[in-house]
Amino acid sequence: MGMKLVKSSFIKTMATLVVGLVFALTSFSANAAEKGYTELSKPQQAAFEKFGGASDSHTIYEFFSYGCSHCDHLEPQLEKWIKSHKGIKLVKIPVSFGSGPWEVTAKAYYVAESLGNEKTLTPKIFSAIHVDKEKLYTEDALQEFFKKQGVSKAKFDVAYNSFGVAQQLRKDAALIKKVGITGVPTLVVDGKYLTSVAKAGSPEAMFKVIEKLVADSFKEEGLDKGKIAGAVGLSQ
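Residues numbered from 1 in each chain as written. Predicted model: local features only at pLDDT ≥ 70, side-chain atom pairs only at ≥ 80, totals over all residues. Heavy atoms only, no water.

Engineer: Can you help me understand the packing of helix α4 (residues 100-114) against helix α7 (residues 153-160) in this one?
Structural biologist: A pair of packed helices is characterised by two quantities: the angle between their axes and the separation of those axes. Packing of α4 against α7 brings their axes to within 9 Å, and their N-to-C directions diverge by 115°. When the axis of α4 is compared with that of α7, the two are roughly perpendicular. Handedness of the crossing formed by α4 with α7: right-handed. Where α4 approaches α7, its residues Val104, Lys107, Val111 and Ser114 are matched on the opposing element by Phe156, Ala159 and Tyr160. Residues that form the contact of α4 with α7 fall into these classes: five nonpolar, one polar and one charged. (Axes fitted to C-alpha atoms, helices over the stretch in contact; angles between N-to-C directions. Helix = DSSP H or I, 4+ residues; strand = E, 2+ residues; numbered from the N terminus. Parallel < 35°, antiparallel > 145°, perpendicular 65-115°, else oblique. Left-handed = near helix turned anticlockwise from the far one by under 90°. Contact = heavy atoms within 4.5 Å. Nonpolar A, V, L, I, M, F, W, Y, C, P; charged D, E, K, R; others polar.)

Engineer: Would you take a moment to explain the pattern of salt bridges for this structure?
Structural biologist: Side chains that carry opposite charge are capable of pairing whenever their charged atoms lie near each other. Using the criterion set out here, one finds seven salt bridges in the structure. Residue lysine 208 pairs with glutamate 211 through a salt bridge whose shortest N-O separation is 3.9 Å. With lysine 208 and glutamate 211 both in helix α10 (residues 203-220) and three residues apart, the pair spans about one turn of that helix. Using a relative accessible area of 53% as the deciding quantity, one classes lysine 208 as exposed. Glutamate 211 sits in the buried class, given a relative accessible area of 15%. Three or more residues are tied together by salt bridges with common partners; here these are Glu62, Glu75, Glu79, Lys92 and Lys119. (Salt bridge = Lys/Arg side-chain N within 4 Å of Asp/Glu carboxyl O. Buried < 20%, exposed > 50% of the residue type's maximum accessible area, 1.4 Å probe, protein only.)

Engineer: Just to check I follow, could you spell out the packing of helix α3 (residues 69-83) against helix α5 (residues 118-130) for this structure?
Structural biologist: One can describe the packing of α3 onto α5 by two numbers: an axis separation of 10 Å at closest approach and a directional angle of 145°. α5 is crossed by α3, and the crossing has left-handed handedness. For the pair formed by α3 and α5, the contact residues are Ser69, Cys71, Asp72, Glu75 and Glu79 on the first element and Lys119, Thr122, Phe126 and His130 on the second. By residue class, the composition of the contact of α3 with α5 is two nonpolar, three polar and four charged.

Engineer: When you look at the pairing of strand β2 (residues 58-64) in this model, what are you seeing that I'm missing?
Structural biologist: Two faces make up the sheet, and in a regular strand the side chains alternate between them. The element β2 is extensively covered by neighbouring structure, given that seven of its seven residues are classed as buried. Covered by surrounding structure in β2 are His58, Ile60, Glu62 and Phe64 together with Thr59, Tyr61 and Phe63, the residues of both alternating faces. Bridge count between β2 and strand β3 (residues 88-94): seven bridges; the pairing is parallel. Looking at the pairing, glutamate 62 lines up with lysine 92 of β3. In this region the chain leaves β2, passes through α3 and returns to the parallel neighbour β3; the handedness of that crossover is right-handed. By the bridge criterion, four bridges tie β2 to strand β4 (residues 186-189) in an arrangement that is antiparallel. (Pairing = 2+ DSSP bridges. Right-handed = clockwise from strand over helix to strand, strands pointing away.)

Engineer: How should I be thinking about α3 in this particular structure?
Structural biologist: Helical periodicity: at 3.6 residues per turn, an α-helix aligns residues three or four positions apart in one direction. Counted at 1.5 Å a residue, the expected span for α3 with its 15 residues is 21 Å, and the 22 Å between its end C-alpha atoms agrees. Considering bend angle alone, the principal kink of α3 is centred on glutamate 75 and spans about 35°; proline proline 76 follows within four residues of it. (Expected span 1.5 Å × (residues − 1). Bend = angle between axes of the 7 residues up to and from the residue.)

Engineer: What should I look at first to understand unusual backbone geometry in this one?
Structural biologist: The bulk of non-glycine residues show a negative phi, and the bulk of peptide bonds are trans. Note the cis peptide between valine 184 and proline 185, where omega equals 0°. Along the chain, proline 185 falls in the loop between α8 (163-179) and β4. Phi at phenylalanine 97 takes a positive value of approximately 50°, unusual for a residue other than glycine. Take phenylalanine 97: it is sitting in the loop between β3 and α4. Despite not being glycine, lysine 133 shows a phi value in the positive range, around 60°. The topology assignment puts lysine 133 in the loop between α5 and α6 (139-148).

Purely geometric numbers; function is a separate question.
Set out below in structure tokens:
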């Protein structure tokens, strides 16, 4: 009889713990969804120190791929938003997720960057893939695309196969793994807060989340409301 009571009590206790755990996880998820972002762990935040932030401004890290249709949709909206927020710097990090075709498009970004015309070529690459349906997922196809943009085969080959591009892709892959990026587009604010259209609900809501995070950070730095608005282009 005593054994049955002990067993029954154990089962009830375990059931209570499971229910409590499920409730806690649900509450955490709901809270993250309500805020529109999640805060990264200290080790994850430290991983961003290797990347190009700016000492005189706040930094948005955008994880993206040219092969991603959602990234294509967000790109012009993000560029427009960044232009109106002078105190915020955008750092793009192309992902490959171990996919051969996406590794090619990740290299495309760094080739364009090394040639000094990434700003011009990025919308053209997105358009070529998603509007013109060009399959820019092999080195040969990408070389032909760059040739149409006035880049010689020799110059493309040097950039595409350079040690610098290969090294950058390795650094990106390490950061992506450390932070736990599993989908794109994903944005990280100041290497601390992770947000996305999916988390916030819409591009407009996501931008509001970023503005609030940056404004709160400025407040911690001691700037008053007027200076914050002037620094990042926020509405007062």
